[in-house]
Amino acid sequence: MSGNSSDQPQGRLRRMFSRLTSSPEELQAEELRQDAVVSGCTPIAEAGDRDVVTVSGTLRTVTLRPRAGVPALEAELFDGSDALDVVWLGRRSIAGIEPGRRLTASGRISHARGRRVLFNPRYELRPVGQGSDHQ
């Protein structure tokens, strides 16, 4: 029969070994998933069509891509579970919206071009390089 005291060091060793053998991308994805949970946000992978959600993650790309002749600032938000597009219609740029920036966004999920999209979401820029405990 094993006691709790011997199980805990084994678990720590397993987690440490897992971190050592994980790629930087896997480690970042895990950190983002944990940050979303701590922030009380919906994981993007669990967001259904037409759901009103609050999601949190890191902007991977930011692109100016016109939609129907209207300027649109489009960014890909990744939370460790999946990605979605965040689109601000009528905007060419927004201060602070840049690749690598952490962001929390709220709105209704829709689909465009086979991808999940939040159009004109309410958003909050997160401090650069810091998780949810430094908001």
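Residues numbered from 1 in each chain as written. Predicted model: local features only at pLDDT ≥ 70, side-chain atom pairs only at ≥ 80, totals over all residues. Heavy atoms only, no water.

Caption draft 1: Quick look at the overall build of the chain. Secondary structure summary: the chain contains two helices and six strands in total. For the chain, the α and β elements follow one another from N to C terminus as α-α-β-β-β-β-β-β. In the chain, buried positions account for 38% of the 135 residues. Considering only contacts within the chain whose residues lie at least 6 apart along the sequence, 54% involve residues at least 24 apart. Working note: accessible area of the chain is about 8200 Å², and carbon and sulfur atoms make up 50% of it. (Helix = DSSP H or I, 4+ residues; strand = E, 2+ residues; numbered from the N terminus. Buried < 20%, exposed > 50% of the residue type's maximum accessible area, 1.4 Å probe, protein only. Contact = heavy atoms within 4.5 Å. Areas by Shrake-Rupley, 256 points an atom, 1.4 Å probe, with all protein chains shown as cover.)

Caption draft 2: Structural view of the pattern of salt bridges. Enumeration according to the criterion identifies six salt bridges in this entry. E74 is the salt-bridge partner of R65, the closest N and O atoms lying 2.6 Å from each other. Exposure remark for R65: the relative accessible area of 34% places this residue in the partly exposed category. By relative accessible area, which is 7% here, E74 ends up buried. With a closest N to O distance of 2.9 Å, E74 and R67 form a salt bridge. When salt bridges with common partners are traced through the structure, they connect R60, E76, D85 and R115 into a single cluster. (Salt bridge = Lys/Arg side-chain N within 4 Å of Asp/Glu carboxyl O.)

Caption draft 3: Expanded view of the environment of R50. Tracing the sequence through the fold places R50 in the loop between α2 (24–39) and β1 (52–64). With relative accessibility at 51%, the residue R50 sits in the exposed group. In this structure, the C-alpha to C-alpha distance between R50 and V117, residues 67 residues apart in sequence, is 10.0 Å.

Caption draft 4: Seen up close, the pairing of β1. Sheet topology note: the β1/strand β4 (residues 102–112) ladder contains seven bridges and is antiparallel. Bridged to V52 within β4 is R108. Bridge count between β1 and strand β2 (residues 72–78): six bridges; the pairing is antiparallel. Considered in β2, the bridge of L59 is made with L77. (Pairing = 2+ DSSP bridges.)

Caption draft 5: How the structure looks around the packing of aromatic side chains. Inspection of every chain in the model, using the stated rule, returns one aromatic pair. Ring centres of W88 and Y123 lie 5.4 Å apart, and the angle between their planes is 75 degrees; this geometry places the pair in the edge-to-face category. Here W88 is found in strand β3 (residues 83–89), whereas its partner Y123 is found in strand β6 (residues 122–125), with 35 residues between them in sequence. The ring centre of F78 lies 3.7 Å from the NZ or CZ of R60, which sits over that ring. (Phe/Tyr/Trp six-rings, centres within 6.5 Å; stacked < 30°, edge-to-face > 60°. Lys NZ or Arg CZ within 6 Å of the ring centre and 35° of its normal.)

Caption draft 6: Representation of the side chain of S56 within the structure. Note on placement: S56 falls in strand β1. The class for S56 is buried, based on a relative accessible area of 2%. Engagement of the side chain of S56 in a polar contact is seen with the side chain of T104, the distance being 3.4 Å. For S56, the side chain forms a polar contact with the side chain of R126, separated by 2.8 Å. Once you skip the residues sitting within four places of it in the chain, S56 turns out to touch D35, A36, C41, D79, L103, T104 and R126. (Polar contact = N/O pair within 3.5 Å; in protein donor to acceptor, adjacent residues only side chain to side chain.)

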